[in-house]
Amino acid sequence: MMFVQFMVSAVAICFTLYQLTEANDSLQIIGWTSFMFSALMQTFYFCWFGDAAKVKSLDISNMVYNSDWANLSNDARKMLVIIMARSLTPVEITSAYILPLNLESFKGSKSDSMTTNCKDQRLYT
């Protein structure tokens, strides 16, 4: 479901950029700009929290190491070692196992939208 939402937002951004280039009066420009801003914010919302989850997951091993692990039992220490080993791979929220939702994806989707819009402009002119 998140993949569909992300893709619909990307298509809306492309469509809106095209409509902005075709707008004639300032009222249309204001309307399409506000619509594009809302689509960008919706996409940014997903990517921001996906990036926050990734960053926090990378801090788990440091948090475990800085805890009071020396006073724990051997079994608890073994579990902490396993937790630290598993936390070396960051948690990544993906959209349909295809697109990772992080700030790099947001920058990429934004530049892809701009590139597509420029190609469409050359095609129709």
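What you see is a predicted model; the values in this text were computed from it and never measured.

1. Quick notes on the UniProt feature "transmembrane region" (unreviewed entry) in the protein chain
Per the UniProt record, the feature "transmembrane region" (unreviewed entry) sits at residues 29-48. As annotated, residues 29-48 has a helix share of 100% and a strand share of 0%, and its two end C-alpha atoms lie 27 Å apart.

2. Focus: helix α2 (residues 26-58)
Along an α-helix, residues three or four positions apart point the same way, because every turn accommodates 3.6 residues. The first and last C-alpha atoms of α2 sit 47 Å apart over 33 residues, in line with the 48 Å expected at 1.5 Å per residue. Here α2 has its buried residues at Met36, Ala39, Leu40, Thr43, Cys47, Gly50, Asp51 and Ser57.

3. A short note on the UniProt feature "signal peptide" (unreviewed entry) in the protein chain
The positions UniProt marks with the feature "signal peptide" (unreviewed entry) are residues 1-23. Secondary structure across residues 1-23 comprises 91% helix and 0% strand; the distance between its end C-alpha atoms is 32 Å.

Calculation notes
- Every chain is numbered independently, its residues counted from 1 as its sequence is written.
- Totals for whole chains, interfaces and linings use every residue, but because this is a predicted model, local features are given only for residues with pLDDT of at least 70 and side-chain atom pairs only at 80 or more, for both listing and counting.
- The side-chain values count all of the structure's non-hydrogen atoms but skip hydrogen atoms and water molecules.
- UniProt positions are given in the numbering used here, feature names are shortened, and annotations may be inferred rather than shown by experiment.
- Helix numbers and strand numbers start at the N terminus; a helix is a DSSP run of H or I with at least 4 residues, a strand a run of E with at least 2.
- One less than the number of residues in a helix, times 1.5 Å, gives the span that helix is expected to have.
- For every residue, the accessible area obtained with a 1.4 Å probe (protein chains only) is divided by the maximum for its type, and the residue is called buried under 20%, exposed over 50%, and partly exposed between those limits.

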